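Each chain is listed here by its residues.
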Amino acid sequence: TACWLCVGMPLAFAETDGLIVNGDFEATTQAIPPGWTHHTGLGGTAQVVAGAGHVHEGKQAVLLKPKAEPTNSSTVLFSGRVKIEPGRRYQATAWAKGKGRFELSFYQYSPKRAWKSGAGLGVVRVTDEWQLFTLHYGNPPPEIGFVALVLQASGAGSEVLVDDVSFAVVDSPAGPEGPG
């Protein structure tokens, strides 16, 4: 599998410079942070919020709130596309809290930037406490040249705060991974 999700795990890999723009959502005075796109076709709202109760660190975070309708109630905010390289390993992280359901995933694009598919492990419930969500991505097949990091809240009544999002190249583990 190209990706897997580890909820609330400590970071065990050496991180280098981040690959996405404005993952802390601090560089904005607009409703949608620069470097990010709101998937408006799904409805719902994505907006920058401020205040001590709304942020993990810094002064601003993003609030994802799906529309109230019970069918297809989802709000998606995604980063700009990042070029990925075969043989490299990547790590995405996001802090989230609130109520309802949240998913950290990827949109995958061809080397010519055509959309191919989404990849992630599924939806998790958030709580009133900040939780760190981590998603690894590695060994991309030749038909994948770019990814975008996806932040999604789903389900009527969900209100998810997201902050301090990163995507970086990480060192591969020294030994084998997975079931032994």
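Residues numbered from 1 in each chain as written. Predicted model: local features only at pLDDT ≥ 70, side-chain atom pairs only at ≥ 80, totals over all residues. Heavy atoms only, no water.

Details of the overall build of the chain
Across its full length, the chain carries zero helices and 12 strands. From first element to last, N terminus to C terminus, the chain shows the α and β order β-β-β-β-β-β-β-β-β-β-β-β. The burial tally for the chain puts 49% of its 180 residues in the buried class. Of the contacts formed within the chain by residues at least 6 apart in sequence, a portion of 77% connects residues at least 24 apart. When the accessible surface of the chain is split by element, carbon and sulfur atoms take 53% of a total near 8900 Å². (Helix = DSSP H or I, 4+ residues; strand = E, 2+ residues; numbered from the N terminus. Buried < 20%, exposed > 50% of the residue type's maximum accessible area, 1.4 Å probe, protein only. Contact = heavy atoms within 4.5 Å. Areas by Shrake-Rupley, 256 points an atom, 1.4 Å probe, with all protein chains shown as cover.)

Points about the pattern of salt bridges
With the rule as written, the count across this model stands at two salt bridges. A salt bridge links Glu159 to Lys65; its shortest N-O distance comes to 3.5 Å. Within this pair, whereas Glu159 is found in strand S12 (residues 146–170), its partner Lys65 is found in strand S5 (residues 60–65), the two being separated by 94 residues in sequence. A relative accessible area of 29% places Glu159 in the partly exposed class. Across the salt bridge formed by Glu85 and Arg88, the nearest N and O atoms sit 3.7 Å from each other. (Salt bridge = Lys/Arg side-chain N within 4 Å of Asp/Glu carboxyl O.)

Digging into the environment of Phe167
Structurally, the position occupied by Phe167 is in strand S12. Looking at Phe167, the relative accessible area reads 1%, which means it is buried. Taking the C-alpha atoms as reference points, Phe167 and Val21, separated by 146 residues in sequence, lie 9.4 Å from one another.

Structural notes on the pairing of S5
The buried fraction of S5 is high, at five of six residues. Both strand S4 (residues 45–50) and S5 contribute to a ladder of six bridges, which runs antiparallel. Bridge assignment links Ala50 to a residue of S5, and that residue is Gln60. Note that S5 and S12 share three bridges and pair antiparallel. Of the residues in S12, the one forming a bridge with Leu63 is Leu161. (Pairing = 2+ DSSP bridges.)

Digging into the side chain of Ser73
With respect to the helices and strands, the residue Ser73 is situated in the loop between S5 and strand S6 (74–79). Taking the relative accessible area as the measure of exposure, Ser73 reaches 9% and is therefore buried. At a separation of 3.0 Å, a polar atom in the side chain of Ser73 contacts the main-chain amide nitrogen of Ala156. In contact with Ser73, not counting residues within four places along its chain, are Pro66, Lys67, Ala153, Ser154, Gly155 and Ala156. (Polar contact = N/O pair within 3.5 Å; in protein donor to acceptor, adjacent residues only side chain to side chain.)

Considering unusual backbone geometry
Even without glycine at this site, Arg113 takes up a positive phi of about 75 degrees. Checked against the element boundaries, Arg113 lands in the loop between strand S8 (89–109) and strand S9 (115–119). Note on Arg113: relative accessible area 44%, which makes it partly exposed.

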